[in-house]
Amino acid sequence: MKALIMLRMLIMLFVCTIVLGGCAEEKILERISLTTLLGYDIEEEDNLSVTAVIRQINPELESKIELQSATASTSKGARSKMDLKTSKKIGSGQLRVVLFGEELAKSGLDDNIHILKMNSEISNATYLATVDGDLKTLLEYKYENISDIGQHIYQLIQHNIEQQYIISSTLHEVNRDKLSFLNSYAMPILKREEENVEISGIAFFNTGKLSGNLPAEEAIYILMVQGNTHKGALEMKIPVTALEKSPSDSSKELPIAIDSINSKRTIELVDPEVPEFNLTIQLECRLLEVDSDISMDGNAMIHKVEKEINKKIESEIKRLIQYSHDINTDIFQFGEYYKAQYRNANIDKEEWYEMFSKMKVNVTVNTTIIRDGVFQ
């Protein structure tokens, strides 16, 4: 009896496999074009300009890169126009990066992000970024050392996210933040500098529109506040008076560099009426570079440096919190912490931003230098 039941199950499984296989759309690699990067921007009369970096595969499995552009009222219309320019069907299954032009970012990205999310061919791991300057110029420029601009930009973003030099902005992460009650999110800014493409900053969005930006070097402070870090590097200057008993120049500042930053943060709501938070960051790092005239022998000097690192990071985080007030965008997501820690919080976005303007954050950083990379 058991053998008969097993036989019937195997037959049903076989039939289902054949049926499902017959329903699947056949995609032969040599007959399709693989889109690795898409760029969106605004043209005249509010039309949408779409530029695609496409990898073409020939029967000998050799590939070449081409760019196609089209302008239409919708992204679907632009894609249809691009299909008229290519002999192969354009597929989105290998899309790795979507770039948004500066003018489009200022007018709003919510509709474009929604369209990307609704496309089942596009992975949630696709990176989103904005462009400083003209998007087409960045993509169409003939770089001497970049043969595949789509793959290059993908690896550039992925590498810097892995090293925790910039924030991560996948389609999933941006859409998650967009759907939160704050409706604010962030993504990297790309810029062409002569023969290179570089990450120049971080763009912040409120209700889908570009509200402000910060230099890329300050991303580490945002990462410290938003969550725990385990990599990253930071350069800063500390006053010479804090390290030398009798400095020859009391106004002089000494540059230092730290890396292997391992931080853990806690955010505690201490007064929901203000609202007031206690932000504490426990930080371990390696002292990578310091002026050769400064002797780092002994714990006393190490503790002095740790104290100055604390002051510097606390000051920078407070400055960025003030900047978030200036652009009226909760870039650190304090509103989410407020709702999570205050059970009676039944507020919407407008109510939170009324409170946000009065928000107070007490920042405390405790640094421990675990290795002296200069001498050990």
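The following refers to the structure shown. (Residues numbered from 1 in each chain as written. Predicted model: local features only at pLDDT ≥ 70, side-chain atom pairs only at ≥ 80, totals over all residues. Heavy atoms only, no water.)

Looking only at helices and strands, the protein chain features eleven helices and 13 strands. Out of the 376 residues belonging to the protein chain, those deemed buried represent 47%. Long-range contacts, defined here as pairs at least 24 residues apart, represent 66% of the contacts in the protein chain between residues at least 6 apart. Surface accessibility of the protein chain: about 20,100 Å² in total, with carbon and sulfur atoms responsible for 49%. (Helix = DSSP H or I, 4+ residues; strand = E, 2+ residues; numbered from the N terminus. Buried < 20%, exposed > 50% of the residue type's maximum accessible area, 1.4 Å probe, protein only. Contact = heavy atoms within 4.5 Å. Areas by Shrake-Rupley, 256 points an atom, 1.4 Å probe, with all protein chains shown as cover.)

Next up on the list: a negative patch on the surface. A cluster of like negative charges, contributed by D348, E350, E351 and E354, occupies part of the molecular surface. The topology assignment puts E354 in helix α11 (residues 349–356). (Patch = residues over 30% accessible without salt bridge, like charges linked within 9 Å, V, L, I, M, F, W, Y side chains within 5 Å. Salt bridge = Lys/Arg side-chain N within 4 Å of Asp/Glu carboxyl O. Lys, Arg positive; Asp, Glu negative; His and termini not counted. Charge placed at Lys NZ, Arg CZ, Asp CG, Glu CD.)

Here we come to the packing of aromatic side chains. All chains considered together, the criterion is met by eleven aromatic pairs. Judged by centre distance (4.9 Å) and plane angle (65°), the ring pair of Y141 and Y143 falls under edge-to-face. Judged by its relative accessible area of 8%, Y143 falls in the buried class. With a centroid separation of 6.1 Å and 45° between ring planes, the pair formed by W352 and F356 is classed as tilted. Of this pair, W352 and F356 are both found in helix α11, four residues apart, which corresponds to roughly one turn of the helix. (Phe/Tyr/Trp six-rings, centres within 6.5 Å; stacked < 30°, edge-to-face > 60°.)

Time to look at the packing of helix α8 (residues 219–226) against helix α9 (residues 299–326). In the contact formed by α8 and α9, the axes pass within 10 Å of each other and the chain directions differ by 90°. The angle between α8 and α9 falls in the class roughly perpendicular. Only I313, E316, I317 and L320 of α9 make contact with α8, whose side of the interface consists of Y221, M224 and V225. Looking at the contact of α8 with α9, its residues break down into six nonpolar, no polar and one charged. (Axes fitted to C-alpha atoms, helices over the stretch in contact; angles between N-to-C directions. Parallel < 35°, antiparallel > 145°, perpendicular 65-115°, else oblique. Nonpolar A, V, L, I, M, F, W, Y, C, P; charged D, E, K, R; others polar.)

Attention now goes to the pairing of strand β11 (residues 253–271). Residues in a regular strand point their side chains to alternate faces of the sheet. Here seven bridges tie strand β10 (residues 233–239) to β11, and the two strands are oriented antiparallel to one another. When the bridges of β11 are listed, M236 appears paired with I256. Where β11 lies against strand β12 (residues 276–289), twelve bridges are found, and the strand directions are antiparallel. Along β12, the bridge assignment pairs D259 with R286. Here β11 folds back onto β12 in antiparallel fashion, the turn holding four residues. (Pairing = 2+ DSSP bridges.)

So, on to the nonpolar core. Counting residues in each nonpolar core, the largest one holds 56 residues, and the members touching the most others are F277, I313, I317, F334 and W352. At eight residues, α9 tops the list of elements feeding residues into this core. Once residues within four sequence positions are removed from consideration, F334 is found in contact with V225, I267, F277, I321, W352, M359 and V361. Of all hydrophobic cores here, the second largest spans 28 residues; its members include Y40, V98, A203 and F205. (Core = buried A, V, L, I, M, F, W, Y, C linked by side-chain atoms within 4.5 Å.)

With respect to the element layout, E276 can be found in strand β12. One buried charge, E276, has no salt-bridge partner; the nearest side chain with opposite charge is K360, at 4.0 Å. When sequence neighbours within four positions are dropped, the list of residues in contact with E276 reads E268, L269, V270, D271, K360 and N362.

Take α8 next. The buried count for α8 comes to seven of eight residues, which makes it a mostly enclosed element. Residues A219, I220, Y221, I222, L223, M224 and V225 constitute the buried set of α8.

Look at helix α6 (residues 149–162): 20 Å from first C-alpha to last across 14 residues, which is about the 20 Å you get at 1.5 Å a residue. Along α6, the residues that are buried comprise I149, G150, I153, Y154, L156, I157, N160 and I161. Take α6 and look down its axis: the buried residues cluster within an arc of 160°, on one side only. One side-chain oxygen at the N-terminal end of α6 lies 3.1 Å from the backbone nitrogen of G150; it belongs to D148. Directly beyond the C-terminal end of α6, a positive phi value near 60° is found at Q164. (Expected span 1.5 Å × (residues − 1). Arc of directions from axis to C-beta. Polar contact = N/O pair within 3.5 Å; in protein donor to acceptor, adjacent residues only side chain to side chain.)

As a further point, take unusual backbone geometry. A cis geometry characterises the amide bond from V274 onward to P275, with omega recorded as -5°. Note on placement: P275 falls in the loop between β11 and β12. Notably, T207 is not glycine yet its phi reads approximately 55°, a positive angle. Considering the arrangement of structural elements, one finds T207 in the loop between β8 (196–206) and β9 (209–215).

A separate point is the pairing of strand β6 (residues 127–131). For β6, a buried count of five out of five residues is recorded, marking the element as mostly surrounded by other parts of the structure. Taking every second residue as pointing to the same face, both faces of β6 are buried, with Y127, A129 and V131 on one and L128 and T130 on the other. Where β6 and strand β7 (residues 184–193) come together, two bridges link them in parallel fashion. Pairing of T130 across the sheet is with I189, part of β7.

These values are about where atoms sit, not about what they do.
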